[in-house]
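# Examining the three-dimensional arrangement
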Amino acid sequence: MTKLLQFNHHHTLRFAEGFYRTRSNVASLALATSPSQFSGGYCSIPSRLKLSTCYATLSAVVKPQESAFDGKEAALLVDELRTNFNTGRTRSYEWRISQLQNIAKMIDEKEKCITEALHQDLSKPELEAFLAELSNTKSSCMLAIKELKNWMAPETVKTSVTTFPSSAQIVSEPLGVVLIISAWNFPFLLSVEPVIGAISAGNAVVLKPSEIAPATSSLLAKLFSEYLDETTIRVVQGGVHETTALLDQKWDKIFFTGGARVGRIVMAAAAKNLTPVVLELGGKCPALVDSDVNLQVAARRIITGKWACNNGQACISVDYTELKTFFGENPLKSKDVSRIVNSFHFKRLESMMKENGVADKIVHGGQTMEDKLKISPTILVDVPEESSMMQEEIFGPLLPVITVSKIEDGFQVIRSKPKPLAAYLFTDNKELQNQFVQNVSAGGMGINETVLHVTLKDLPFGGVGESGIGAYHGKFSYETFSHKKGVLYRSFDGDSDLRYPPYTPEKKRVLKALLSSDIFGAILAFFGFSKDS
């Protein structure tokens, strides 16, 4: 029997929307939500099954507070940073490396403060906070410190006979003043990692962390002020009001992590000034599990990606009996289960489970603890199509299970959806692996593993289609915030009149031969002969 699952992974809050399995010996498919705090889109599956209109969360549901930071303040901030950028200070290797070293120092010296902020915002277990956020961020920073000189070095490229004698280079230059809008589910990692790329490339930076993780947002503002150059690197706190004021300004690039709905808003705002964007969004992330694999290992890896990371914010499980091993008989008391981000989302998820026709479909989990904002990993079977759980983005640790008849139906579901941020395959069948890699379009892939591909800094991380635009991590972060400038160098020697008027038949013959790389023909034409003669 082959099983096809769908889950979300990585830095952004993603929860399973639906899990499709066979009742006999066919296939299973689970559909997960889009990636982070803001999400939008429509998900549907063939025949009678229809999945989620993605639910808008985060700032979109938070009432903006009165703030002195308005369009005028935003414009003054950008003008100040642009003035400081134009002095050239951020372009030097010395400035870039000093800021990167200060970030590494900040992580080392303030690890406890960062961990406490993450626990305050999300009840993240200490080890999870270290592995998922601090360690990944520190690794990215150390890589940038190690490789920065190589990244900054001009790349020499070949020239052609038409420019002889000459040389040419690709020179990286900073874009200017960039805006980074981060998400709340991995509020430290998703804020600092793109900042590392922007600094490495020599830009001035404004970071807008998510107000839904207020402890981390406040801490980032404090730490950036303490450790980094305030004349070129700033943090702006706030919600919709402040974000709108920032988006109204002219930036040299906007980097946004969130969902498709707000991604469209960001892109529309950027278009007014022809500002380039990176959109780290998400999508339905399928996982195909073949029948001849070690199902226990596959299950553990999928569970770790799903419920062991922000309590359902990464991927799904194929064998829920493993959940007891991970989180115990009462996962609500487990210190390894993160809480729901706030009471609004807790009540929204709880109401989904209590709907008519849904509550009696729970086969595992379903426990809640409102005062702690905790919901246990929950699996439901044959949830009604018309339920909100099937019509809206779940964005929580709930996994509805619906049946499909055969594996081909599962592939059709994948092809009918927007391209996912990631896709996973568990199989030892090399032919199936190749077919999966070649025929499934996704931002990234993992074979017999989930999530871990995002930790490899030599791999780009980003979406395709509705799951995102652009990529980052490692050198790709540097390139994302750089402009690749082509430069041709020539001397005043060897200046031929072939390119200048008057244009004669002889010049034409010589130039045609040169452009065809026919050196012998060019020599003949230069002396008034042709190959035919």
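Our subject in this report is the structure included herewith. (Residues numbered from 1 in each chain as written. Predicted model: local features only at pLDDT ≥ 70, side-chain atom pairs only at ≥ 80, totals over all residues. Heavy atoms only, no water.)

### A closer look at the sheet that holds strand β22 (residues 482-490)
Reading across from one edge, β6-β7-β22 is the order of the three strands in this open sheet, with antiparallel pairing throughout. One side of each edge strand has no neighbouring strand; the edge strands of this open sheet are β6 (155-157) and β22. Neighbour-to-neighbour, the strand axes of this sheet turn through a mean angle of 30 degrees, independent of strand direction. One ladder, built from nine bridges, connects strand β7 (residues 166-174) with β22; its direction is antiparallel. Residue Ser172 lies in a different strand from β22, and its bridge partner there is Lys484. (Pairing = 2+ DSSP bridges. Helix = DSSP H or I, 4+ residues; strand = E, 2+ residues; numbered from the N terminus. Axes fitted to C-alpha atoms, helices over the stretch in contact; angles between N-to-C directions.)

### Quick notes on the environment of Glu449
For Glu449, the position within the fold is in the loop between β20 (444-447) and β21 (468-469). Taking the C-alpha atoms as reference points, Glu449 and Gly305, separated by 144 residues in sequence, lie 9.2 Å from one another. Ignoring anything within four residues of it in the chain, the contact list for Glu449 reads Arg301, Tyr424 and Phe426. (Contact = heavy atoms within 4.5 Å.)

### Quick look at the packing of aromatic side chains
Enumeration over the complete set of coordinates arrives at four aromatic pairs. Geometrically, the ring pair formed by Phe255 and Tyr472 is edge-to-face, given 4.9 Å between the ring centres and 75 degrees between the ring planes. In this pair, Phe255 sits in strand β11 (residues 253-257) while Tyr472 sits in the loop between β21 and α15 (475-480), placing the two residues 217 residues apart along the sequence. Summarising the burial analysis for this pair, Phe255 and Tyr472 share the class buried. Geometrically, the ring pair formed by Phe461 and Tyr472 is edge-to-face, given 6.4 Å between the ring centres and 65 degrees between the ring planes. Of this pair, Phe461 sits in the loop between β20 and β21 while Tyr472 sits in the loop between β21 and α15, and the two are eleven residues apart along the sequence. Each member of the pair, Phe461 as well as Tyr472, is classed as buried. Directly above the ring of Tyr93 sits Lys149, whose terminal nitrogen or CZ lies 5.1 Å from the centroid. (Phe/Tyr/Trp six-rings, centres within 6.5 Å; stacked < 30°, edge-to-face > 60°. Buried < 20%, exposed > 50% of the residue type's maximum accessible area, 1.4 Å probe, protein only. Lys NZ or Arg CZ within 6 Å of the ring centre and 35° of its normal.)

### Some words on the sheet that holds strand β10 (residues 233-235)
Pairing within the open sheet is mixed, and its six strands lie in the order β10-β9-β8-β11-β12-β21. Taken across any chain shown, the strands that pair with only one partner, and hence form the sheet edges, are β10 and β21. Bridge analysis of strand β9 (residues 204-208) against β10 gives three bridges, and the strand direction is parallel. Bridge assignment links Leu207 to a residue of β10, and that residue is Val235. In the packing of helix α7 (residues 240-247) onto the sheet, contacts are made with β8 (177-181), β9 and β11, and the angle to β8 comes to roughly 150 degrees.

### Describing helix α11 (residues 343-354)
An ideal rise of 1.5 Å per residue puts 16 Å on twelve residues; α11 measures up with 16 Å between its terminal C-alpha atoms. Among all positions in α11, only His345, Phe346, Arg348, Leu349, Glu350, Met352 and Met353 are buried. Capping the start of α11 is the job of one residue whose side-chain oxygen sits 3.3 Å from the backbone nitrogen of Phe344: Asn342. (Expected span 1.5 Å × (residues − 1). Polar contact = N/O pair within 3.5 Å; in protein donor to acceptor, adjacent residues only side chain to side chain.)

### Here's the deal with the environment of Ile447
By the secondary structure assignment, Ile447 is in strand β20. Accessibility expressed as a relative area gives 31% for Ile447, which makes it partly exposed. Expressed as a C-alpha distance, the spacing of Ile447 and Tyr424, which sit 23 residues apart in the sequence, is 5.8 Å. Aside from chain neighbours lying at most four places away, what touches Ile447 is Leu425, Gln433, Phe436 and Val437.

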